[in-house]
Amino acid sequence: MKYIVLMGAPGAGKGTQAKLLQQRLGLPQVSTGDLFRYNLSNQTELGQLARSFMDKGELVPDDVTIAMVRERLSQPDCVRGAILDGFPRTLAQAAALDKLLAEFGGHINLVPYIHVEESILVERLVRRALIEGRTDDNEATIQNRMRVYLTQTAPLLTLYQERGLLVQIDGDQSIETVHEALCQAIAAA
Ligand code: AMP
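Residues numbered from 1 in each chain as written. Predicted model: local features only at pLDDT ≥ 70, side-chain atom pairs only at ≥ 80, totals over all residues. Heavy atoms only, no water.

Structural notes on the overall build of the protein
The helix and strand tally for the protein stands at nine helices and five strands. Reading the protein from its N end, one meets helices and strands in the order β-α-β-α-α-α-β-α-β-α-α-α-β-α. Relative to a compact globule of 189 residues, whose C-alpha radius of gyration would be 16 Å, the protein shows 16 Å and is just as compact. In terms of overall dimensions, the protein has C-alpha extents of about 40 × 40 × 30 Å along its principal axes. Looking at the 189 residues of the protein, the share that counts as buried comes to 46%. In the protein, the proportion of contacts linking residues at least 24 apart, taken out of those at least 6 apart, comes to 75%. (Helix = DSSP H or I, 4+ residues; strand = E, 2+ residues; numbered from the N terminus. Rg over C-alpha atoms; globule rule 2.2 N^0.38 Å. Buried < 20%, exposed > 50% of the residue type's maximum accessible area, 1.4 Å probe, protein only. Contact = heavy atoms within 4.5 Å.)

Below, the structure is given as structure tokens:
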């Protein structure tokens, strides 16, 4: 069982890299953002609830998010592990993930942190807003997502660093170069 937790600010390239790792390692990408967007476009109850938070750039409440991840990681395609993308984002989610993986008889194997300067991140997000038309990629929401990331998610970096799980990857390089760096880090773990 292998559980990789990809960390990085919004726009750092977690989604792109998680998809490449999924192909390379044969482990499913579990993206909470994608799961929420799927629920949103299918107009489920969960989607309706998530929308009000996503549109403001706020985090969806922990209990809802944790229940969704529990359900997803219990699916048969996750028996060998998963690449977590966008989860955990709070200390409560991190604690819940530890508990959940322990129930499965696993643990976090590595936390690659894709690091990109904040000014480059905002530029990337504004560009993505134009290309993908994501409703949560407007300027006010982008600023709020950055603030939420710094206050609620960045403390997890310290937690995983203290556990010796964190490995920093320079995210301001080509997609291929970042992918190779990630693969090397994972192979060495
Ligand atoms: P992302 O695609 O990962 O940037 O996520 C888009 C939005 O989905 C976030 O701004 C949050 O509103 C919500 N979201 C995604 N992952 C989480 C999470 N782990 N906890 C709470 N909300 C989340």
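A closer look at the side chain of Thr90
By the element assignment, Thr90 lies in the loop between β3 (81–85) and α5 (91–103). A distance of 3.0 Å separates polar atoms of two side chains, one belonging to Thr90 and the other to Asp62. (Polar contact = N/O pair within 3.5 Å; in protein donor to acceptor, adjacent residues only side chain to side chain.)

Some words on the site of the ligand
If you check the shell around the ligand, you find 16 residues, and the closest are Thr32, Arg37, Glu58, Gly86 and Gln93. Within the contact set of the ligand, an oxygen atom lies 2.9 Å away from a side-chain nitrogen or oxygen of Arg37. Note that an oxygen atom of the ligand is positioned 2.6 Å from one of the backbone N or O atoms of Glu58. Its free accessible area being 480 Å², the ligand has 96% of it covered by the protein chains. Residues of the shell around the ligand, tallied by class, amount to five nonpolar, five polar and six charged. (Near = heavy atom within 4 Å. Areas by Shrake-Rupley, 256 points an atom, 1.4 Å probe, with all protein chains shown as cover. Nonpolar A, V, L, I, M, F, W, Y, C, P; charged D, E, K, R; others polar.)

A few points about the nonpolar core
Counting 46 residues, the largest nonpolar core has Met7, Leu73, Leu97, Ile108, Val111 and Tyr160 as its most contacted members. Counting five residues, the second largest nonpolar core, distinct from the first, contains Phe36, Ala50, Met54 and Val60. (Core = buried A, V, L, I, M, F, W, Y, C linked by side-chain atoms within 4.5 Å.)

Side note on α5
Structurally, the α-helix is built with 3.6 residues per turn, so residues lying three or four positions apart point the same way. Its 13 residues place the ends of α5 19 Å apart at the C-alpha level, agreeing with the 18 Å of an ideal helix rising 1.5 Å per residue. Of the residues making up α5, those classed as buried are Gln93, Ala94, Leu97, Leu100 and Leu101. The arc that holds every buried residue of α5, seen down its axis, measures 125 degrees, which confines them to one face. In α5, the exposed residues that point more than 90 degrees away from the buried face are Lys99 and Ala102. In the core, the buried residues of α5 are packed alongside β1 (2–6), α4 (62–73), β3, β4 (108–115) and α8 (155–162). Immediately beyond the C-terminal end of α5, within one or two residues, lies Gly105, with a positive phi of roughly 80 degrees. (Expected span 1.5 Å × (residues − 1). Arc of directions from axis to C-beta.)

Brief notes about the pairing of β4
With six of eight residues buried, β4 lies mostly within the body of the structure. Where β1 lies against β4, two bridges are found, and the strand directions are parallel. Bridge assignment links Ile4 to a residue of β4, and that residue is Leu110. Taken together, the five bridges between β4 and strand β5 (residues 166–170) define a ladder with parallel strand orientation. Counterpart to Pro112 in the pairing with β5 is Val167. (Pairing = 2+ DSSP bridges.)

Section: the pairing of β3
Judged by how many residues are buried, β3 sits mostly within the fold: five of five residues are covered. Where β1 meets β3, five bridges bridge the pair, whose relative direction is parallel. Along β3, the bridge assignment pairs Val5 with Leu84.

Focus: the packing of helix α1 (residues 14–25) against helix α9 (residues 175–188)
α9 packs onto α1 with a crossing angle of 55 degrees between their chain directions and a minimal axis gap of 10 Å. As the angle between them shows, α1 and α9 are arranged oblique. Here the hand of the crossing between α1 and α9 comes out right-handed. Contact residues: α1 offers Thr16, Gln17, Leu20, Leu21, Arg24 and Leu25, while α9 offers Ile175, Val178, His179, Glu180, Leu182, Cys183 and Ile186. When its residues are assigned to classes, the contact of α1 with α9 shows eight nonpolar, three polar and two charged. (Axes fitted to C-alpha atoms, helices over the stretch in contact; angles between N-to-C directions. Parallel < 35°, antiparallel > 145°, perpendicular 65-115°, else oblique. Left-handed = near helix turned anticlockwise from the far one by under 90°.)

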